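Understanding the architecture of this molecule
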Amino acid sequence: FLLAATTRRHNMKQPIRAMHWFRKGLRLHDNPSLMNSVDLKPSQLFCVYVIDSDCYQLLNCTPLRANFLLESLRNLDDNLQALGTRLYVLTGDPVKVLPEYWK
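Description of the structure in this document. Predicted, not measured: the structure shown is a model, and the values here were computed from it.

Between its first and last C-alpha atoms helix H3 (residues 63–82) spans 29 Å; for 20 residues at 1.5 Å apiece the expected length is 28 Å, and the two agree. Turning to H3, its buried residues are Leu69, Ser72, Leu73, Leu76, Asp77 and Leu80. Summarising the axial view, the buried residues of H3 lie within an arc of 135 degrees, below the 170-degree limit, and thus occupy one face. In H3, the exposed residues that point more than 90 degrees away from the buried face are Pro63, Leu64, Arg74, Asp78 and Ala82. The positive-phi residue at the C-terminal boundary of H3 is Gly84, with phi of around 95 degrees.

Bringing the side chain of Asn31 into the picture now. Secondary-structure assignment places Asn31 in the loop between strand E4 (17–22) and helix H1 (32–39). In this view, Asn31 contacts His20, Phe22 and Gly25; residues no more than four positions away in its chain are not counted.

Turning next to helix H4 (residues 94–102). What H4 keeps buried is the set Pro94, Val97, Leu98 and Trp102. What you see down the axis of H4 is that its buried residues fit within an arc of 130 degrees, all on one side. When the buried face of H4 is taken as reference, the exposed residues oriented beyond 90 degrees from it are Val95, Lys96 and Glu100.

Okay, the packing of aromatic side chains next. If you walk through the whole model with that rule in mind, you get three aromatic pairs. By the ring-pair criterion, three or more aromatic residues cluster together here, those being Phe46, Tyr88 and Tyr101. Here the basic side chain of Arg86 rests over the ring of Tyr88, its NZ or CZ set 4.3 Å away from the ring centre.

Our next topic: the pattern of salt bridges. Here the structure, examined in full by the defined rule, presents one salt bridge. Notably, a salt bridge pairs Arg27 with Asp30, separated by 2.6 Å at the nearest N-O pair. According to the relative accessible area criterion, Arg27 is partly exposed, its value standing at 45%.

Reading the values: the criteria
Residues numbered from 1 in each chain as written. Predicted model: local features only at pLDDT ≥ 70, side-chain atom pairs only at ≥ 80, totals over all residues. Heavy atoms only, no water. Helix = DSSP H or I, 4+ residues; strand = E, 2+ residues; numbered from the N terminus. Expected span 1.5 Å × (residues − 1). Buried < 20%, exposed > 50% of the residue type's maximum accessible area, 1.4 Å probe, protein only. Arc of directions from axis to C-beta. Contact = heavy atoms within 4.5 Å. Phe/Tyr/Trp six-rings, centres within 6.5 Å; stacked < 30°, edge-to-face > 60°. Lys NZ or Arg CZ within 6 Å of the ring centre and 35° of its normal. Salt bridge = Lys/Arg side-chain N within 4 Å of Asp/Glu carboxyl O.

Below, the structure is given as C-alpha cells:
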C-alpha cells in the first residue's frame, strides 16, 4: 500500500512525502509497491508496519510464529536503514493509526 502526497505552489513541485505500509510481504527485493515508492524519489519515505491486536493471525499466533515476525521486522528495518530510511512499527487499528501517523 502506497500513499504519496505532493503539493504544487507557483507551478513548482514541492517535495514528495510517501508512506509505504507493509502488510504481509516483509521483503524488499520483490515488493513492486515499495519500488514504486522509491521511484517517486520522495524527500521522505515512511515505511510502516501496523501490529493490530485484533488481527486473527496475531490472536492465533504461536510463540514461534511471533518470534519469526519480530525477526522479520528487525531484518526489514536493517535493510531499510541501508537504503537511508527505517521501519516504523505502530500498534492499533490501521484505519485509525495510519491517518494519525500521516499528519
